[in-house]
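Chain and residue survey
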Amino acid sequence: ALLFITVYTADGFLNYVEDHCVFNSTKLDDIEYIRSYYYNKLEVTRFSSSVGKYVGYTEYGVRNAEYWNNLPGELSRMRNEKERYCLINVGNDHEAAL
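Note that the coordinates shown come from a computational prediction; the quantities given were computed from them, not determined experimentally.

Cut-offs and rules
- Residues numbered from 1 in each chain as written.
- Predicted model: local features only at pLDDT ≥ 70, side-chain atom pairs only at ≥ 80, totals over all residues.
- Heavy atoms only, no water.
- Phe/Tyr/Trp six-rings, centres within 6.5 Å; stacked < 30°, edge-to-face > 60°.
- Helix = DSSP H or I, 4+ residues; strand = E, 2+ residues; numbered from the N terminus.
- Buried < 20%, exposed > 50% of the residue type's maximum accessible area, 1.4 Å probe, protein only.
- Polar contact = N/O pair within 3.5 Å; in protein donor to acceptor, adjacent residues only side chain to side chain.
- Contact = heavy atoms within 4.5 Å.

Moving on to the packing of aromatic side chains. For the structure on display, the rule yields 6 aromatic pairs. With centroids separated by 4.7 Å and ring planes inclined at 10°, the aromatic side chains of Tyr 16 and Tyr 38 adopt a geometry described as stacked. Of this pair, Tyr 16 sits in strand E2 (residues 13–23) while Tyr 38 sits in strand E3 (residues 31–39), and the two are 22 residues apart along the sequence. For the residue pair Tyr 16 and Tyr 38, the accessibility class agrees, reading buried in each case.

Written out as structure tokens, the structure reads:
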């Protein structure tokens, strides 16, 4: 799996976004793209290409998920991340492992 983390801090609170790809082969159908939003180590919202939309895990996360799921173009942009972000990197990792 590929993993990239972006960290933000403000007033002692830790916010970060984690993007990763889960794969069993280099075929696009076998790849899952996941973006998770965390607040103080608690996952609050997640987009998964397998689910195709944002899901909230806290009250704040549910509000964010509802907003992002209804934002014009947001879901199609995130669905495209699997191909744009994962496909080339998964190919590189697969070749390196062989």
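So, on to the side chain of Thr 58. On the secondary structure map, Thr 58 appears in the loop between strand E5 (53–56) and helix H1 (59–69). Engagement of the side chain of Thr 58 in a polar contact is seen with the backbone nitrogen of Gly 61, the distance being 3.0 Å. The contact partners of Thr 58, leaving out residues within four places of it in the chain, are Leu 42, Glu 43 and Val 44.

The next point concerns unusual backbone geometry. Positive phi values are uncommon outside glycine, yet Asn 40 reaches one of about 50°. You can call Asn 40 partly exposed: its relative accessible area is 35%. Of note, Lys 41 is a non-glycine position whose phi angle comes to about 70°, a positive value. By the element assignment, Lys 41 lies in the loop between E3 and strand E4 (42–48).

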